[in-house]
Amino acid sequence: MKIEDTTLPGVKILTPARFGDARGFFSESWNRKRMEEHGIDLDFVQDNHSMSAEVGTIRGLHFQAPPAAQDKLVRCGQGALFDVAVDIRKGSPTYGAWFGIELTAENGRQLLVPKGFLHGFITRAPMTEIIYKCTDYYAPDCDGAVRWDSCGIDWGFDGQPLLSQKDAAAPALAEFDSPFTF
């Protein structure tokens with residue numbers, strides 16, 4: 001497993017080794033013991049899997065507030081997406097800063113998004129699947145969002161994105177009172 005730091009402290013790129021032949025490949029996407037050796041000690045309790053049919057679908061920017069805040073380990077199972085994390089920890093020197101990376105079924109990269117960061121993505125291919133592990137269970141009363149176009153993110157998409165009603169109605173970052181502190 002190759003583990004890389006990003007420009008945002010705590011946000012990491014994990015690239016598992018792949019072993020392949022004419023049939024395809026095998027990859028170990030998570031191994032608690034190996035991650036603990038690298039200082040990553042997380043207890044994942046829920047796996048999520050979603051599919052977006054259209055190119056230009058944005059899901060996010062989402063978070064789950066304490067007491068049910070979630071760390072997420074995100075990967076692309078099919079297709080391609082641009083995955084983004086935004087620091088929303090009050091008092092953080094990188095508050096409001098974002099990091100984005102292409103995750104594809106082919107490159108096998110994963111993005112570790114810690115508690116205190118918004119998470120979102122835009123699809124780059126039709127029928128794109130995102131698979132992610134979470135350290136806490138979904139809690140609707142702790143669920144929140146910030147508007148996708150209020151953080152200065154270069155989504156690399158010129159058209160009008162496809163959004164849910166929730167994402168379209170989310171408040172802008174400038175109007176948002178974060179439940180997280182640095």
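Counting restarts for each chain: residues are numbered from 1 in the order of the written sequence. Totals for whole chains, interfaces and linings use every residue, but because this is a predicted model, local features are given only for residues with pLDDT of at least 70 and side-chain atom pairs only at 80 or more, for both listing and counting. Hydrogens and water molecules were not included; the side-chain quantities draw on all heavy atoms of the structure.

A.B. asks: Which parts of the structure should I look at to understand the pairing of strand β10 (residues 98-104)?
C.D. replies: Each regular strand shows side chains that alternate between the opposite faces of the sheet. The element β10 is largely enclosed, with a buried count of five among its seven residues. Bridge count for strand β8 (residues 80-87) against β10 is seven bridges, and the pairing is antiparallel. When the bridges of β10 are listed, V84 appears paired with G100. A 1.4 Å probe rolled over the protein chains alone gives each residue an accessible area, and that area as a share of the maximum for its type sets the label: buried under 20%, exposed over 50%, partly exposed in between. Each helix corresponds to a stretch of at least 4 residues labelled H or I by DSSP, and each strand to a stretch of at least 2 residues labelled E; elements are numbered beginning at the N terminus. Here, any two strands with at least 2 DSSP bridges between them count as paired.

A.B. asks: Please clarify how the sheet that holds strand β2 (residues 12-15) should be interpreted in this entry.
C.D. replies: In a beta sheet, neighbouring strands are held together by backbone hydrogen bonds and run either parallel or antiparallel to one another. An order of β1-β2-β11-β7-β13-β5 is seen for the six strands of this open sheet, with the pairing classed as antiparallel. With partners counted over all chains shown, the strands left at the sheet margins are β1 (2-5) and β5 (46-52), one partner each. Here the strands of the sheet are splayed against their neighbours by 25° on average, with no regard to which way each runs. Axis definition: a line fitted to C-alpha atoms, over the contacting stretch in the case of helices. Angles run 0 to 180 degrees between N-to-C directions.

A.B. asks: How do you make sense of the nonpolar core when you look at a structure like this?
C.D. replies: Generally speaking, soluble globular proteins have nonpolar side chains that are buried together. For this analysis, a nonpolar core means a set of buried residues of the types Ala, Val, Leu, Ile, Met, Phe, Trp, Tyr and Cys, connected via side-chain atoms within 4.5 Å. By size, the foremost hydrophobic cluster in this structure holds 22 residues, and its most contacted members are L61, L118, C151, I153 and W155. Secondary-structure elements contributing two or more residues to this core are β6 (58-64), β8 and β12 (117-123). It only takes one pair of heavy atoms within 4.5 Å for two residues to be counted as in contact. Contacts of L118, omitting those with residues within four sequence positions, involve L61, H62, F63, V84, A85, V86, I88, V113, V146 and C151. One finds L8, I13, I101 and F121 within the second-largest nonpolar core, a separate group that totals 17 residues.

A.B. asks: How should the sheet that holds strand β14 (residues 143-145) be read in this particular structure?
C.D. replies: Strand order in the open sheet formed by five strands is β10-β8-β12-β6-β14, and the pairing between neighbours is antiparallel. This sheet does not close on itself; its edge strands, each paired only once, are β10 and β14. If you compare each strand with its neighbour and ignore which way they point, the axes differ by 25° on average. Where β8 and β12 come together, seven bridges link them in antiparallel fashion. Its bridge partner being in β12, A85 is matched across the sheet by H119.

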